[in-house]
Amino acid sequence: MAFNGTWKIDRNENYEKFMEAMGVNLMKRKLGAHDNLKITIQQDGNKFTVKEASNFRTIEIEFTLGVDFDYSLADGTEMKGNWNLEGNKLVGTFTRKDNGKVLKAYREIVGDELVQTYVYEGVESKRIFKRG
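Remember, it's a predicted structure, so these values are computed and weren't measured experimentally.

Procedures and definitions
- Residues numbered from 1 in each chain as written.
- Predicted model: local features only at pLDDT ≥ 70, side-chain atom pairs only at ≥ 80, totals over all residues.
- Heavy atoms only, no water.
- Core = buried A, V, L, I, M, F, W, Y, C linked by side-chain atoms within 4.5 Å.
- Buried < 20%, exposed > 50% of the residue type's maximum accessible area, 1.4 Å probe, protein only.
- Contact = heavy atoms within 4.5 Å.
- Pairing = 2+ DSSP bridges.
- Helix = DSSP H or I, 4+ residues; strand = E, 2+ residues; numbered from the N terminus.
- Salt bridge = Lys/Arg side-chain N within 4 Å of Asp/Glu carboxyl O.
- Phe/Tyr/Trp six-rings, centres within 6.5 Å; stacked < 30°, edge-to-face > 60°.

(A) Highlighting the nonpolar core. The biggest cluster of nonpolar side chains holds 30 residues, and the ones touching the most others in it are Phe 18, Ile 41, Phe 63, Phe 69, Trp 83 and Phe 129. Beyond its immediate stretch of four places on either side in the chain, Phe 18 contacts Leu 103, Tyr 118, Tyr 120, Val 123 and Ser 125.

Set out below in structure tokens:
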């Protein structure tokens, strides 16, 4: 499974603008841009376990493709949605519980990097990870 392994953040593209669109305050945006995020992904068929470890929190999420689950962002924003596999790309669709707006998320392997793309309210951001 191509996603399996540990991935450490290498760089961000437009991440602060994305966080601003999400309503994250300035101080949290500055901290979030330097969170030293490390993601460990383990896939077993349609089931995934994802551990996210950063300067702010460590959480473990288990999900099955196509099945809705609840998720909290690091700033406390509550969401509900699911991940699906489309070709070689994980595609997530999450709806905010506070305002009903949709966040799209994509995870794909590009070369030797994990590229995580977010789209919210027309603002696109990328977080690029290297195997760690």
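(B) Inspection of the pairing of strand β10 (residues 123-131) at higher detail. Relative to β10, strand β1 (residues 5-13) is paired through 6 bridges, and the arrangement is antiparallel. Bridge pairing links Glu 13 to Lys 126 in β10. The sheet contact formed by strand β9 (residues 113-120) and β10 spans 8 bridges and is antiparallel. Counted as the bridge partner of Thr 117 is Lys 126 from β10. Here β9 hands over to β10 after 2 residues, with Glu 121 in that stretch at a positive phi of 50°.

(C) Up close: the pattern of salt bridges. Under the counting rule described, the total for this entry stands at 14 salt bridges. The salt bridge partner of Lys 101 is Glu 121, with a shortest N-O separation of 3.4 Å. Placement of Lys 101 in the loop between β7 (89-96) and β8 (102-110) and of Glu 121 in the loop between β9 and β10 is noted, with a sequence separation of 20 residues between them. For Lys 101, a relative accessible area of 34% puts it in the partly exposed group. Note that Glu 124 and Lys 126 form a salt bridge whose closest N and O atoms lie 3.9 Å from each other. The exposure class of Lys 126 is partly exposed, given its relative accessible area of 25%.

(D) Structural detail: the packing of aromatic side chains. Per the counting criterion, the structure on display carries 8 aromatic pairs. When the ring of Tyr 15 is compared with that of Phe 18, the centres are 6.1 Å apart and the planes differ by 20°; the resulting orientation is stacked. Note that Tyr 15 and Phe 18 are positioned in helix α1 (residues 15-21) at a spacing of 3 residues, about one turn of the helix. Residue classification places Phe 18 among the buried residues on the basis of a relative accessible area of 6%. A centroid spacing of 5.6 Å and a plane angle of 70° characterise the contact between Trp 83 and Phe 94, whose relative ring orientation is edge-to-face.

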